[in-house]
Amino acid sequence: MEAGILPLELWRMILAYLPLPDLGRCSLVCRAWYELILSLDRTRWRQLYLGYTECRHPNWPNQPDVEPESWREAFKQHYLASKMWTKNAAILETSVCFSLFRRRRTRRTLSVGPGHEFHSLGSALAMSSLFDRILLFPGLHEEQGEIILKVPVEIVGHGKLGEVALLASIDQQCSTTRLCNLVFMPAWFSPFMFKTTSGHVQFDNCNFENGHIQVHGPGTCQVKFCTFKNTHVFLHNVPLCVLENCEFVGSENNSVTVEGHPSSENNWAYTHLLGLIRSSPGVLPTEDSDSLMSLDLESRDQAWSPRTCGIVIEGSQSPTSPATGSPKAGSQEAEVGSDGERVARTPDSSDGGLSPSGEDEDEDQLTYRLSYQVQGPRPVLGGSFLGPPLPGASIQLPSCLVLNSLHQELQKDREAMALASSVQGCLIRKCLFRDGKGGVFVCSYGRAKMEGNIFRNLTYAVRCIHNSKIIMLRNHIHHCRASGIFLRLEGGGLIAGNNIYDNAEAGVDIRKKSNPLILCNQIHHGLRSGIVVLGNGKGIIRNNQIFSNKEAGIYILYHGNPVVSRNHIFKGSAAGIAVNENGRGLITENVIRENQWGGVDIRRGGVPILRSNLICFGYSDGVVVGDEGKGLLEGNTIYANKGCGVWMMSSSLPHVTSNHVSYNGLYGVAVFSQKDGSGESPGGHGAQENFGEDGDATLWETELEKDDDLLRRPITAALVESNTVNHNGASGLYVQSSEVLHVITNVIHANGDRGITVAQSSQLTRVANNSISCNHQSGVKVEAQCKVEFRGNGIYDNRGHGIITKGDSTVIENDIIGNRGSGLQLLPTSDTKVIKNRIHSFRAYGIAVQGRAKALLQENTVFQGKTNKTIFQQISNNQECIMQNNKFLVFKKKSDTWRLANPPARPHLENSLRGPSAAHSGQKVTAMATRITAHVEGGYHSKRSIFCTIL
């Protein structure tokens, strides 16, 4: 046909009058005619589909206002599905039994109704043959006895849906049957409207009211465009059943029950159903169709896109600005604080370093330079450095913390891909479950797959128990009166790409050794927690967005032990993750931000492993280890939280190692020994959870698992090890504890108050091999009656004293260099042993002993400071201050050169770093050159400059 003979618009008008068979014939003429027929999709094909009484809108009931991508394709899919029940016709017609009678195979149509050939369905069935069509005319058809289908037939209601009602109990004993355009109601003698044990049944465009449908394996069923009002569909050991585009309303129990392992014996329809499912579109997500069904999250809360790789700080002011007493720019005065603590106020620098080069120098001053290395902050987030948080600033996330799409995750995880591709048991697709008690109940080794459904206003959406497996892809689950998805008794499967929100209890509830894979879901705006794992529940929780929940985003308790990785957990009203009541779990590579309480809250026997997470912008503390909380905190970045970076109780024996704690509003790490109303932040669990559905929560205590995690090594004291603690608003480390504490190989740098404050320590606090530098006040302060041992530390360039102590301290083999106050200040009531240290003060005394301080000063090397009076100070004639074999070094001539050797400059961190932080080979080492001036007040010194290099 020449396309130019008539305009295409005129051809479309002509072809729009053709019936379906003629359209098919025209499409076979040539390619031009074929393309012309395809171009009628929005006109003639749409008209044909909507005029077909045996189906409804292709997106009913979930999105009836959204047109399909192709009306022709939708019509084709429905037409092929409607003929599925006749696929075994050739087998039946060639069977020996039927060939003996030589029946004529022309299908008959038997009419049932007043004024028609038959008055009842039973009488019509008695006269029917293979694949006959029984047409029920409008009216109420009631059968007084059970109807048994012995030959394959098709029972169709004439007219519109709702005009033909059938009150009957049907028992299918034939291989196949189809029922269409009918309203089913149960007979007076049985609640079962339909049941089959071995054959295949197909329901199209039917309504079911107040009864039951039962299918036993190896029987199969195919249900499409049906409404179930207070009707229970019971599937027992079915190898394959398909429920598609159906509506379930007002169930008093479960709408669909899938029980038993799929039968290994399959009927004739199994292969055809499987082929039909796999040929239909939308079974697996693709790169283009990976988004969830439309839900305007922006109108509720701005959620991160799965491809977002930046964190935007909201608000006009940084949540971690220093305290009001922090140094002001331009001020260079030295102040004396309480207890004689000296604070030098000097301009800030980006890395906390100090340079007094702007001070005036007189001609009679001796000038020399000390060059030495200060351990600065270590790189985080894939080798980058975090600067101060500013409004509108962003963090570029490394690839390990960026959310992947569901398609990308399935491509990486072949086991998850195979699980998502599998079809076994019951397939429920594009259905609506609403306004009832339960949605889908899978039990006793049952198998069910749910895709693209909506569950709303139910008591619960899905329950999976007793070794059953579910696959849930791209469903919407919301406004449930209990949990959305509930797994217990070793339930499992794949829960991926779902939108779960506004549920009264947890979005996903995992108990009693259930072990699902929870992948790429959005779980948000729940009235309680997002995900709860308890009672030895397990599971892999990966790549989800969990946000804006009233309680913890993920709540682990009663021996729950999931793997939580690469999730974004944010904007919760409580903690991001709470681990209580002997909960465990591996929590790794998550982004936990902007939560009202602690980013991670560990209490009451919780023992998680918290590794390589980014915990930031919280409105309280970053990590809370409360009463009886335990666990390992390793390699985390804890940044810009308004409270403390880490708040913990030493009695819980936490292990805090290789973390980067920076720019938090209060302390970097705060260690307490008991509950204190002023110290302990709110618990991440919120109000006590109610787990009454399976009895009292303490029942889970009896279900202990015997396997021990090799990653948890036993420790006998709280341990703060190999961390970088910098630029926090108050002290880098604050200790108020009555238990043993070890502080080892940390970098404590440029914090807004002291580097370390020991306010209470009745048991020994051991501070060893730390770098404590550039803090806004003293490097270390020890209050009265505290027991502290300092060994092998490097304490450099702090704006107050190096160490100021009122307690019982042992200071052995430390380098205390370049501090603005005294290198070491011993206050009254102190009892201090100072042995084999190298000490220098910028402008104050190397060692200052005030009042009746008790001290032993032995074998120390004290360098000259700014003047010849800055080596040692003793205010009173203190007989309890014993000095033995100390070396006081002053500068005599220009050629004098001193080196820190045997050992080299402390701390010695190279062989002490552990965990993820040690993996970063490019440690940032800030080379600090402090220019020191000293007045000359006698012929003892030369007027020329001398340079002393300390290596």
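Everything discussed here concerns the structure shown above.
What counts as what
Residues numbered from 1 in each chain as written. Predicted model: local features only at pLDDT ≥ 70, side-chain atom pairs only at ≥ 80, totals over all residues. Heavy atoms only, no water. Helix = DSSP H or I, 4+ residues; strand = E, 2+ residues; numbered from the N terminus. Contact = heavy atoms within 4.5 Å. Polar contact = N/O pair within 3.5 Å; in protein donor to acceptor, adjacent residues only side chain to side chain. Phe/Tyr/Trp six-rings, centres within 6.5 Å; stacked < 30°, edge-to-face > 60°. Buried < 20%, exposed > 50% of the residue type's maximum accessible area, 1.4 Å probe, protein only. Lys NZ or Arg CZ within 6 Å of the ring centre and 35° of its normal. Axes fitted to C-alpha atoms, helices over the stretch in contact; angles between N-to-C directions. Parallel < 35°, antiparallel > 145°, perpendicular 65-115°, else oblique. Nonpolar A, V, L, I, M, F, W, Y, C, P; charged D, E, K, R; others polar. Pairing = 2+ DSSP bridges.

Q: What is the right way to look at the environment of E143 in this model?
A: Examined against the element boundaries, E143 turns out to sit in the loop between strand 3 (139–142) and strand 4 (147–149). Note: C-alpha distance between E143 and A168 (25 residues apart in sequence) is 5.2 Å. Among all residues touching E143, those that are not within four sequence positions of it are S120, L121, G122, L167, A168, A187 and F189. Of note is the side chain of E143, whose polar atom sits 3.0 Å from the backbone nitrogen of L121.

Q: Even after reading the chapter, I still don't get the environment of W33, so can you show me in this structure?
A: Turning to its location among the elements, W33 is positioned in helix 3 (residues 31–38). Each C-alpha atom, one on W33 and one on W11, is 9.7 Å from the other, the two residues being 22 residues apart in sequence.

Q: Would you mind going over the packing of aromatic side chains with me for this structure?
A: One pass over the full model with this rule turns up 18 aromatic pairs. Between F547 and F570 the ring centres are 5.0 Å apart and the planes differ by 10°, which places this aromatic pair in the stacked class. In this pair, F547 is assigned in strand 39 (residues 545–547) and F570 in strand 42 (residues 568–570), connecting sequence segments 23 residues apart. Across the pair, exposure class does not vary: F547 and F570 are buried alike. Measuring from centroid to centroid gives 5.8 Å for Y639 and Y663, while their planes differ by 75°, and the two rings are edge-to-face. With a gap of 24 residues between them, Y639 in strand 51 (residues 637–639) and Y663 in the loop between strand 54 (660–662) and strand 55 (669–672) connect regions that are remote in the sequence. For the residue pair Y639 and Y663, the accessibility class agrees, reading buried in each case. These aromatic residues form a ring-pair network of at least three members: F184, F194, F203, F208, F228, F248, F433 and F455. Its end group placed over the ring of Y460, R463 keeps NZ or CZ at 5.4 Å from the ring centre.

Q: I would appreciate a short explanation of the packing of helix 1 (residues 8–15) against helix 3 in the present structure.
A: Geometrically, a packed helix pair is captured by the angle between its two axes and the distance between the axes. As a packed pair, helix 1 and helix 3 sit with axes 10 Å apart at the nearest point and diverge in direction by 70°. Classified by the angle their axes make, helix 1 and helix 3 are roughly perpendicular. Residue-level contacts link L8, W11, R12 and L15 of helix 1 to W33, L36 and I37 of helix 3. For the contact of helix 1 with helix 3, the per-class residue count stands at 6 nonpolar, no polar and 1 charged.

Q: Sorry, what's going on with the pairing of strand 13 (residues 212–216) here?
A: Across a regular strand the side chains alternate sides, sitting on one face of the sheet and then on the other. Bridging between strand 10 (residues 192–196) and strand 13 involves 4 bridges; their strand directions are parallel. Bridge assignment links F194 to a residue of strand 13, and that residue is I213. As paired elements, strand 13 and strand 16 (residues 232–236) share 5 bridges and run parallel to each other. Note on strand 16: the bridge partner recorded for H216 is H236.

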